[in-house]
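Breakdown of the fold
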Amino acid sequence: MSLKERITEDMKTFMKEKNQLALDTVRMLRAEIKNTEIDAKAELDDAGVQKVIASAMKKRRDAADQYKAAGREDLADKELAEAKFLAGYMPEQMSEDEIKAVVKAACEGVDTSDKKNFGKVMQTVMAKTAGKADGKIVNQLVKDAFDGNN
């Protein structure tokens, strides 16, 4: 069963269970997937769907940060609950140590004292951690490697 099919089946289950948070989250996710497919003029595979889910999770975390800054803990909690729910559709996330190992391997043979190589290393690391690591964490660990902090 593809990820899109699983999401559709889950939506039906959430309707029967009357699980409103999950149902609303899945409906928004399906709409985002459909909009991405329309923009791309192609049907998304599981990897493409995972990119949409990762983007949706990031949007929700960013919204939660903004709600917290505005003093709206109730809305921030809702956004974080939705992001946590969406994480269930993503592959297991890599630990920080695993990411550090990927960064170290990507830095081998690269002059990390030259900031011009940052993009090359970042691209290599992101390709190996796609969908399995938060981009902010990866970025920070690569910066640390270039600063000599790892």
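This write-up is about the structure you can find in this document.

Conventions adopted
Residues numbered from 1 in each chain as written. Predicted model: local features only at pLDDT ≥ 70, side-chain atom pairs only at ≥ 80, totals over all residues. Heavy atoms only, no water. Core = buried A, V, L, I, M, F, W, Y, C linked by side-chain atoms within 4.5 Å. Buried < 20%, exposed > 50% of the residue type's maximum accessible area, 1.4 Å probe, protein only. Salt bridge = Lys/Arg side-chain N within 4 Å of Asp/Glu carboxyl O. Helix = DSSP H or I, 4+ residues; strand = E, 2+ residues; numbered from the N terminus. Polar contact = N/O pair within 3.5 Å; in protein donor to acceptor, adjacent residues only side chain to side chain. Contact = heavy atoms within 4.5 Å.

With that settled, the discussion passes to the nonpolar core. Inside soluble globular proteins, nonpolar side chains tend to come together where they are buried. Counting residues in hydrophobic clusters, the biggest one holds 18 residues, and the most contacted among them are I7, L29, I33, V49, I53 and Y89. With 15 residues, the next largest nonpolar core counts M94, A106, V121 and V142 among its residues.

What follows concerns the pattern of salt bridges. Proximity of charged atoms lets side chains of opposite charge pair with each other. Per the counting criterion, the structure on display carries 11 salt bridges. With a closest N to O distance of 3.7 Å, E32 and K59 form a salt bridge. Of this pair, E32 sits in helix α2 (residues 20-40) while K59 sits in helix α3 (residues 46-69); the two residues are 27 residues apart in sequence, bridging distant segments of the chain. K59 sits in the partly exposed class, given a relative accessible area of 48%. Linking E32 and R60 is a salt bridge whose minimum nitrogen-to-oxygen distance equals 3.8 Å. With E32 in helix α2 and R60 in helix α3, the pair connects residues that are 28 residues apart, well separated along the chain. As far as burial versus exposure is concerned, E32 and R60 are alike and both buried. Ionic contacts of the salt-bridge type, sharing partners, join the residues E32, K59, R60, K78 and E82 into one network.

Moving on to the side chain of N117. Within the secondary structure layout, N117 lies in the loop between α5 (96-107) and α6 (118-129). On the accessibility criterion, N117 (14% relative accessible area) is buried. At a separation of 2.9 Å, a polar atom in the side chain of N117 contacts the main-chain carbonyl oxygen of D111. Contacts of N117, omitting those with residues within four sequence positions, involve V110, D111 and F146.

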